[in-house]
Number of protein chains: 2
Amino acid sequence: MLCGMARWEPGAAARLREAALRLFAEQGFDATTATEIATTAGLNERTFFRHFGDKREVLFHGQEAYLATFLEGIESAPDGAGLPDLVAAALRSASVGFPDSRRADSRRRQAIIAATPALQERDRHKTAVLAERLAAALRGRGVAEPAATLAGESAATVFAVSFAQWLAAGERRPLADIADDTWATMLTLGST
Amino acid sequence: MLCGMARWEPGAAARLREAALRLFAEQGFDATTATEIATTAGLNERTFFRHFGDKREVLFHGQEAYLATFLEGIESAPDGAGLPDLVAAALRSASVGFPDSRRADSRRRQAIIAATPALQERDRHKTAVLAERLAAALRGRGVAEPAATLAGESAATVFAVSFAQWLAAGERRPLADIADDTWATMLTLGST
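Presented here is an overview of the structure given in this document. The model shown is predicted, which means the values in this text are computed figures rather than measured ones.

Moving on to the relation of the copies chain A and chain B. Mapping chain A onto chain B calls for a rotation angle of 180° and an axial translation of 0.0 Å; the resulting RMSD is 0.0 Å. Taken together, the rotation and translation describe the operation of a two-fold axis. Both copies contact each other with a shared surface, as 100% of the interface residues of chain A are interface residues in chain B too.

In structure tokens:
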């Protein structure tokens, strides 16, 4: 190894995330420190902070990429697509980011959030930001107010409800199918 | 005056609230203390804490009564009322609590919340609690899942959007009318 070069730790982010999920589950989010996560992963604190701003970010990193998946769905919808199809495209596009192979990991993450009020608030904030971005994208596709804001909020709600269902014990359907059904239910509340 | 009796301060809560709104607007919520609010109202700190748990509660007191107005609307709806009518009844019942005489005061309160991230989070939490209570009340009226949860979230969103519109510059329509229109828009997103 050449001295003086920054050391490259293969898979450091994944190892830190795995250590964090285990510690958060065992002893609680609040009682766990960044240093402890690094040590458990066999790395040092500096390496931790090269990858994450703080321990909360281990659970919420990649938010911009997550938001982008919804917006790409709207952008790639055909010209003249109506509001219901635009939202359906956003939900479908975002669902691709959560294949069944990620379900077990997402369940672990969700259990930690459910046990920690400060993380629930962070999660509500994430949903609020998603609703605003979706509303802006819908306005960009010609949807008027207040329909754009209502649809942005509805789409964010539908994704959150679908995601919770996807993680429910015994649920086996893919997220995209659950989200499709949930959006259909939302659109027919008027005839319930 | 009889010595040893607790002193009764007529209108203390209203005086404290007025002093708080003025100080929050002038110097910011974060920079204002409970003691300062009491002093400005010509009262002492003990009187402040007899009325409010902390300075945030000045802006968010009466939340249970607020939630109850929505639920009373659902409870008093006729047997056999469908989901759209149950939600409309909840919105109309809650709107009664915000007559036009409260609009100017509500605008002052809203400006303080908009300027303070911690209060915005408190407001998001209030909306989340409202959505859950509405969903529970709808399940109590026989609405199945996931429609009850989706409708609870939708009703909370519709009230928040309507309330913001009610406070918008130049808006003169009563809150009940705005909420009726907004709920109608929500129910017809599918045909947008």
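In this section: empty space enclosed by the protein. This model, assessed by the stated rule, comprises 1 cavity of 30 Å³ or more. Estimates place the volume of the largest cavity at around 40 Å³. Lining of the largest cavity is provided by M186, L187, L189 and G190 of chain A together with W183, M186 and L187 of chain B. For the lining of the largest cavity, the secondary structure elements donating two or more residues are α10 (175–187) of chain A together with α10 (175–187) of chain B. Among the residues making up the lining of the largest cavity, the classes are represented as 6 nonpolar, 1 polar and no charged.

Our next topic: the packing of α10 of chain A against helix α9 (residues 147–167) of chain B. Contact geometry of α10 of chain A with α9 of chain B gives a least axis separation of 10 Å together with a crossing angle of 60°. For the element pair α10 of chain A / α9 of chain B, the angle class is oblique. Every pair of crossing elements has a handedness; the one defined by α10 of chain A and α9 of chain B is right-handed. Residues T182, T185 and M186 of chain A of α10 of chain A touch α9 of chain B, and the partners they reach there are A147, L150 and S154 of chain B. Among the residues making up the contact of α10 of chain A with α9 of chain B, the classes are represented as 3 nonpolar, 3 polar and no charged.

Grouped together as the largest cluster of nonpolar side chains are 82 residues, with contacts concentrated most on F70 and F159 of chain A together with F70 and F159 of chain B. Discounting residues that sit within four places of it in the chain, F159 of chain A has contacts with Y66, F70, L91, A94, S95, F98 and L175 of chain A.

This part is about the interface of chain A and chain B. Chain A puts 24 residues into the contact, and the matching count from chain B is 24 residues. Here chain A packs against chain B, burying approximately 2,000 Å² in sum over the two surfaces, 76% of which is carbon and sulfur. Contact with chain B buries surface across chain A, with R124, L150 and L189 of chain A losing the most and accounting together for 29% of the total. Inspection of the chain A/chain B interface yields 2 salt bridges. Two residues, R124 of chain B and E121 of chain A, come together in a salt bridge whose shortest N-O distance is 3.4 Å. Where chain A packs against chain B, one counts 2 residue pairs in polar contact (both at pLDDT 80 or more). At the level of secondary structure, the elements contributing two or more residues to the side of chain A that touches chain B comprise α6 (83–95), α8 (117–140), α9 (147–167) and α10 of chain A. In terms of residue count, α9 of chain A provides more of the side of chain A that touches chain B than any other element does, 9 residues in total.

Further remarks concern the packing of aromatic side chains. The geometry of two aromatic rings is summed up by the distance between their centres and the angle between their planes. Residue and element names in this part refer to chain A. What the rule picks out here adds up to 24 aromatic pairs over all chains. Here the aromatic rings of F70 and F159 are separated by 4.9 Å at their centres, their planes lie at 75°, and the arrangement is edge-to-face. One end of the pair, F70, is in helix α5 (residues 63–75); the other, F159, is in helix α9, and 89 residues separate them in sequence. A relative accessible area of 3% means that F159 is categorised as buried.

For the rest of this paragraph, the subject is the environment of G73 of chain B. All names here are of chain B. Examined against the element boundaries, G73 turns out to sit in helix α5 (residues 63–75). Given a relative accessible area of 4%, G73 falls into the buried group. Counting along the chain gives 13 residues from G73 to L86, while the straight-line C-alpha distance between them is 7.5 Å. Among all residues touching G73, those that are not within four sequence positions of it are A89, A90 and S93.

An α-helical segment advances 3.6 residues per turn. Residues three or four places apart therefore align on the same side. Spanning 24 residues, helix α8 (residues 117–140) of chain B covers 35 Å between terminal C-alpha atoms, matching the ideal 34 Å at 1.5 Å per step. For α8 of chain B, every residue scored as buried is listed here: L119, E121, R122, K126, A128, V129, L130, A131, L134, A135, A137 and L138 of chain B. Among the structural elements, α8 of chain A together with α4 (55–60), α5, α6 (83–95), α7 (103–114) and α9 of chain B are those in contact with the buried residues of α8 of chain B. Directly after α8 of chain B, the chain includes G142 of chain B, whose backbone phi takes a positive value near 90°.

Our next topic: helix α1 (residues 12–27) of chain B. Over its 16 residues, α1 of chain B extends 22 Å from the first C-alpha to the last, a length consistent with the 22 Å expected when each residue adds 1.5 Å. Within α1 of chain B, the full set of buried residues consists of A12, L16, R17, A19, A20, L21, L23 and F24 of chain B.

Turning our eyes to something else, we now look at unusual backbone geometry. If a residue is not glycine, its phi is most likely negative; likewise, a peptide bond is most likely trans. Here E145 of chain A and P146 of chain A are connected by a cis peptide whose omega angle stands at 5°. Positionally, P146 of chain A belongs in the loop between α8 and α9.

Let us now look at the pattern of salt bridges. Going through the model one piece at a time under the given rule, you end up with 18 salt bridges over all chains. A salt bridge links E171 of chain B to R173 of chain B, with the nearest nitrogen and oxygen atoms 2.8 Å apart. One salt-bridge network, in which partners are shared between bridges, spans E171, R173 and D181 of chain A.

About the thresholds
Residues numbered from 1 in each chain as written. Chains lettered and ligands numbered in written order. Predicted model: local features only at pLDDT ≥ 70, side-chain atom pairs only at ≥ 80, totals over all residues. Heavy atoms only, no water. Least-squares fit on C-alpha atoms with pLDDT ≥ 70 in both. Contact = heavy atoms within 4.5 Å. 1 Å grid on protein atoms, 1.4 Å probe; cavity = no way out; pocket = protein on both sides within 12 Å on 5 of 7 lines; lining within 4 Å. Points joined across faces, edges and corners; volume = space filled by probe spheres on them. Helix = DSSP H or I, 4+ residues; strand = E, 2+ residues; numbered from the N terminus. Nonpolar A, V, L, I, M, F, W, Y, C, P; charged D, E, K, R; others polar. Axes fitted to C-alpha atoms, helices over the stretch in contact; angles between N-to-C directions. Parallel < 35°, antiparallel > 145°, perpendicular 65-115°, else oblique. Left-handed = near helix turned anticlockwise from the far one by under 90°. Core = buried A, V, L, I, M, F, W, Y, C linked by side-chain atoms within 4.5 Å. Buried < 20%, exposed > 50% of the residue type's maximum accessible area, 1.4 Å probe, protein only. Buried area = accessible area lost by both parts, 1.4 Å probe. Salt bridge = Lys/Arg side-chain N within 4 Å of Asp/Glu carboxyl O. Polar contact = N/O pair within 3.5 Å; in protein donor to acceptor, adjacent residues only side chain to side chain. Phe/Tyr/Trp six-rings, centres within 6.5 Å; stacked < 30°, edge-to-face > 60°. Expected span 1.5 Å × (residues − 1).

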